[in-house]
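Examining the three-dimensional arrangement
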Amino acid sequence: MDTYHINKMKINKIILTACLIFLVSSMEITSVHAAAMSFKEDKAMIRLGGFFVRNYDTVVRVDSKKGPVGTFIKLDDTLGVEDALDVLRIDGYYRFGFKHRVDFSWFRTNRSGTKILEKEFTFNGETFLIGDEIHTNIDTNLFKASYAYSLYRVPELELGVSVGLHYVSHDMDINSISSLVSEDESFELPMPVAGFFFDYALMRKLSLQLQSETFLVNYSEVRGSMTDFNIGLEYRTSDNYAFGLAINRSVLDVEKDEEKKEISVNSAKTGYLLYAAYYFGKHKD
């Protein structure tokens, strides 16, 4: 047999071997993805974790319609309020159909700070002067509930859209220790939101999860916008248990015009979430 035919046979053998390797690899990858997220109908999921906020910038202004115009107050710079904190966070969902579910989330932050004023400011008609020693406490609750619909759901991928409500309540106390002047304010911000979510199996027990929500509203009392973006990795250790790490970025810019005052809140926070999750359902191997 001449050299040409020998070389041709070698090339064909190499090509055939490569094709077999590619075919086997593709079958293995497909089976990995097919098993990675193939569950009997998961009726619910709940996860509990620590939310570690590392950059929490907030600017607040409260105008009293009977007093002087309020000042835009940057809480960390002006009042010495902490911009890093660790809080408990609860998330989860309940499915009531193959493509239908209800999502929920809750966490609470409590921030405080004490500082001697370097410049005066007005809050809800009350003026605080340079040199005053100010103690501030801010308690914030955030609750989210939404309906989610899966546009596309297969074992290795779920992609969908959502619509719901973010409810934020703020309780803010500002007290001058030196001049005994104090002011407190409570306000609530209900915000309709729409978003999308994406869940993709990277391998047998590891998945990439992404969720984004936003709103833009302008009606009689409330005007403004909000975006909330979350991306992370989740590792399934068994049929029902999982652990995850996610990064969250949230920006809020809202004005609320009430009968006695006008409130403006601009807030941006970045943090990460470390959590454990429990799925109510059996894994299908």
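Residues numbered from 1 in each chain as written. Predicted model: local features only at pLDDT ≥ 70, side-chain atom pairs only at ≥ 80, totals over all residues. Heavy atoms only, no water.

1. Re the side chain of Glu213
Heads up, the rule is: Numbered from the N terminus, helices here are DSSP runs of H or I no shorter than four residues, and strands are runs of E no shorter than two. Each residue is assigned to one of three classes by its accessible area relative to the maximum for its type, calculated with a 1.4 Å probe on protein chains only: buried under 20%, partly exposed between the two thresholds, exposed over 50%. Polar contact is the term for a pair of N or O atoms within 3.5 Å; when the atoms are in protein, one must be able to donate a hydrogen and the other to accept it, and sequence-neighboring residues count only if both atoms are side-chain atoms.
Position of Glu213 among the secondary structure elements: in strand β10 (residues 206-218). Residue class for Glu213 comes out buried when judged on its relative accessible area of 4%. Polar contacts involving the side chain of Glu213 include one to the side chain of His166, which spans 3.1 Å.

2. Comments concerning the packing of aromatic side chains
How we decide: Stacked, tilted and edge-to-face are the three classes assigned to paired rings of Phe, Tyr and Trp, where Trp is represented by its six-membered ring and a pair needs centres within 6.5 Å; plane angles under 30 degrees give stacked, over 60 edge-to-face, the rest tilted.
Tallied over the full model, the rule gives seven aromatic pairs. On the numbers, 6.3 Å between centres and 25° between planes, the contact of Phe198 with Tyr200 is stacked. Judged by relative accessible area, which is 29%, Phe198 ranks as partly exposed. A relative accessible area of 26% means that Tyr200 is categorised as partly exposed.

3. Observations concerning the pairing of strand β1 (residues 44-64)
Test applied: At least two DSSP bridges between two strands are needed for those strands to be called paired.
Across 10 bridges, the pairing between β1 and strand β3 (residues 85-95) is antiparallel. Residue pairing across strands places Met45 opposite Tyr93, the latter belonging to β3. As paired strands, β1 and strand β13 (residues 261-280) are joined by 20 bridges and run antiparallel to one another. Among the inter-strand pairings, Leu48 is bridged to a residue of β13, identified as Ala276. Pairing geometry for β1 and strand β2 (residues 73-74), over two bridges, is antiparallel.

4. Considering the confidence of the model for the protein
Under the convention used in this document: For every residue, the pLDDT score states the predictor's confidence, bounded by 0 at the bottom and 100 at the top. We call two residues in contact when some of their heavy atoms are within 4.5 Å.
On average, residues of the protein score 82 in pLDDT, and 83% of them are at 70 or above. For the stretch residues 2-40, pLDDT sits under 50, and the model shows 32 contacts to residues farther than four places along the chain or on other chains.

5. A closer look at a negative patch on the surface
Worth spelling out the cut-off: Nonpolar side chains (Val, Leu, Ile, Met, Phe, Trp, Tyr) within 5 Å and like charges within 9 Å form the patches, drawn only from residues with over 30% relative accessible area and no salt bridge. Only the protein chains shown count as cover for residues, and the accessible areas themselves come from Shrake-Rupley with a 1.4 Å probe. Salt bridge, as used here: a side-chain nitrogen of Lys or Arg that lies within 4 Å of a carboxyl oxygen of Asp or Glu. Under the convention used here, Asp and Glu are negative, Lys and Arg are positive, and both His and the chain ends fall outside the count. By convention, the charge on Lys lies at NZ, on Arg at CZ, on Asp at CG and on Glu at CD.
On the surface, Asp171, Asp173, Asp184 and Glu188 cluster together to form a negatively charged patch. Breaking the negative patch down by element, the ones donating at least two residues are β8 (157-176) and β9 (182-201). Within the secondary structure layout, Glu188 lies in strand β9.

6. Comments concerning the environment of Thr127
Examined against the element boundaries, Thr127 turns out to sit in strand β6 (residues 126-128). For Thr127 and Val181, which are 54 residues apart along the polypeptide, the C-alpha to C-alpha distance reads 8.7 Å. The contacts of Thr127, once residues within four sequence positions are left out, are Pro68, Glu120, Phe121 and Thr122.

7. Quick look at unusual backbone geometry
Of all residues except glycine, most have a negative phi; of all peptide bonds, most are trans. The residue Asn124 is not glycine, and still its phi comes out positive at about 55°. Structurally, Asn124 can be placed in the loop between β5 (121-123) and β6.

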